[in-house]
Amino acid sequence: MTQRSNVLPNVAPPTETDYRNAWLQAVARLCANHGEDRVAQWLGITVRHLQRNIRSGVSLPGPDKLWGLLAFDPSAHDEMDALYGLRHVPVDALCSTDPLTRDLIALANEVAQSEDPNSPGGVAVTDHELLDKDEHRMRRVYNTLGVWLERIGSMRRPRSVA
């Protein structure tokens, strides 16, 4: 009899125990970083409830309280996210998977508007026009192009023969 291999990997979600342990680690870290008083306040509970029920693992807060922690500490879910191989980042964070094309087109449009002969500075970009530009976009383009230039440089660097 021929044995067939699975095309899909054997993937299982974290168990309740895995999740509970990750949550306990997150709470311990948040309490160490911010203090029990503040974490209890964020969760809308008393310090006593935090100590007796939450930190001991007897109960978990509701999803609204768990998600609400992100408003106070963006790393609040790090331990739980790690169970899924994920992490939270701000929407405007520079990510290695963001397509450069979109930023280049938008940046080229901004530059074209600033260099238009009918713009306030004519073909020269004024300080005011420069400050109106999307700095995050410019930095993403700058960083990506910098990484590419470093890669090109390392590929063209002469290799020593041993």
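What you see is a predicted model; the values in this text were computed from it and never measured.

(A) Quick look at helix 1 (residues 16-34). Helix length check: helix 1 (19 residues) gives 26 Å between terminal C-alpha atoms against 27 Å at 1.5 Å per residue, within 8%. Along helix 1, the positions that sit buried rather than exposed are A22, W23, A26, V27, L30 and C31. On its buried face, helix 1 sits against helix 2 (36-43), helix 3 (47-54), helix 4 (63-68) and helix 5 (78-83). Positive backbone phi, approximately 95 degrees, marks G35, located one or two places after helix 1.

(B) Main features of the packing of aromatic side chains. In the structure shown here, the tally under the stated rule is one aromatic pair. Between W42 and F72, the ring centres sit 5.0 Å apart and the planes meet at 5 degrees, which makes this aromatic pair stacked. Remark: F72 occurs in the loop between helix 4 and helix 5 and W42 occurs in helix 2; sequence separation between them is 30 residues. Relative accessible area serves as the criterion here: at 43%, F72 is assigned to the partly exposed category.

(C) Geometry of the pattern of salt bridges. What the rule picks out here adds up to eight salt bridges. A salt bridge links R29 to E79, with the nearest nitrogen and oxygen atoms 2.7 Å apart. Residue R29 is located in helix 1, and its partner E79 is located in helix 5; the two are separated by 50 residues in the primary sequence. With relative accessibility at 17%, the residue E79 sits in the buried group. The partner of R137 in a salt bridge is E110, and the shortest N-O contact between them spans 2.6 Å. Note that R137 is positioned in helix 8 (residues 135-156) and E110 in helix 6 (residues 100-115), a separation of 27 residues in sequence. We note that R137, like E110, is buried.

Conventions used here
Residues numbered from 1 in each chain as written. Predicted model: local features only at pLDDT ≥ 70, side-chain atom pairs only at ≥ 80, totals over all residues. Heavy atoms only, no water. Helix = DSSP H or I, 4+ residues; strand = E, 2+ residues; numbered from the N terminus. Expected span 1.5 Å × (residues − 1). Buried < 20%, exposed > 50% of the residue type's maximum accessible area, 1.4 Å probe, protein only. Contact = heavy atoms within 4.5 Å. Phe/Tyr/Trp six-rings, centres within 6.5 Å; stacked < 30°, edge-to-face > 60°. Salt bridge = Lys/Arg side-chain N within 4 Å of Asp/Glu carboxyl O.

Honestly, it's all geometry; don't read function into it.
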